[in-house]
Each structure stands twice: as C-alpha cells, then as structure tokens.
Amino acid sequence: MASYGDVRKAVRVEKFRLWFGWLAGNVVMAIFANTTKHMPIVSVLTQILLVVVFLALTVAVFRTTSALNRRGDAARREVLGDDHPG
C-alpha cells in the first residue's frame, strides 16, 4: 500500500497533467480557429468546434479532478484512521 504522501504527490502530478492538457487543447483549438478566420464558412464551423471542445475538455478535467480529490481524501482517511467520510 502506498503511503499518503505518495498518493498526494501522485494526485498533484496528475492534476498538473490534466490542467496542462486542458490548456494545451484549448490553445491548439484557438490557434486553429484563428487560422481559419478569413474563410467564412470554415470560420463559423471552427468557432462552433472551439466552443464544443472547450466545454468537453472543461467537463472532463473537472470530473477527473474531482475523482482524484476523492482518491486523495480516501488515502488521507486510511492513513489517519478516520472511518467516516466527513
């Protein structure tokens, strides 16, 4: 069984990776939308895609971050001997 410190470090690293991926995905999508701004039909499609990708990435990162927080809390309770989830 991993120690609480190991779990906490792993959770912190995974959160950093998640948020870095979120930022990188949104930057790439923004660059793509910016390159197509002079093509009327394509520009509208890429702007719609930008919004959809942003929302999808944001929902995914918040759900995964919440799951990581729950995992960290469970490890803390195990180490401290707290049986109640409050």
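As a reminder, the structure under discussion sits directly above these lines.
Below is a summary of the structure that appears in this document. (Residues numbered from 1 in each chain as written. Predicted model: local features only at pLDDT ≥ 70, side-chain atom pairs only at ≥ 80, totals over all residues. Heavy atoms only, no water.)

What follows deals with helix α1 (residues 4–35). Because the α-helix completes a turn every 3.6 residues, residues three or four places apart line up on one side. With 32 residues, α1 ought to run about 46 Å at 1.5 Å a step, and its terminal C-alpha atoms sit 46 Å apart, in line with that. Val7, Val11, Asn26, Met29 and Ala33 are the residues of α1 that are buried. For α1, the secondary structure elements touched by its buried residues are α2 (40–80). (Helix = DSSP H or I, 4+ residues; strand = E, 2+ residues; numbered from the N terminus. Expected span 1.5 Å × (residues − 1). Buried < 20%, exposed > 50% of the residue type's maximum accessible area, 1.4 Å probe, protein only. Contact = heavy atoms within 4.5 Å.)

To continue, consider the side chain of Thr36. Take Thr36: it is sitting in the loop between α1 and α2. The class for Thr36 is buried, based on a relative accessible area of 5%. In this structure the side chain of Thr36 is engaged in a polar contact, spanning 2.8 Å, whose partner is the side chain of Thr46. Once residues lying within four places of it in the same chain are set aside, the contact partners of Thr36 are Val42, Ser43 and Thr46. (Polar contact = N/O pair within 3.5 Å; in protein donor to acceptor, adjacent residues only side chain to side chain.)

Attention now moves to the side chain of Thr65. Within the element layout of this structure, Thr65 appears in helix α2. Thr65 sits in the buried class, given a relative accessible area of 11%. Excluding its chain neighbours within four sequence positions, the residues that come into contact with Thr65 are Lys15, Leu18 and Trp19.

For the structure on display, the rule yields one salt bridge. Here Arg17 and Glu14 are joined by a salt bridge, their closest N and O atoms 3.1 Å apart. Placement of the pair is Arg17 and Glu14 together in helix α1, with a separation of three residues, close to one helical turn. A relative accessible area of 34% means that Glu14 is categorised as partly exposed. (Salt bridge = Lys/Arg side-chain N within 4 Å of Asp/Glu carboxyl O.)

Attention shifts here to α2. For α2, built from 41 residues, the straight-helix expectation of 60 Å at 1.5 Å per residue is met to within 8% by its first-to-last C-alpha distance of 60 Å. Listed as buried for α2 are Ser43, Thr46, Thr58, Val61, Thr65, Leu68, Gly72 and Ala75. Directly beyond the C-terminal end of α2, a positive phi value near 85 degrees is found at Gly81.

Function cannot be read off these values alone, since they describe shape.
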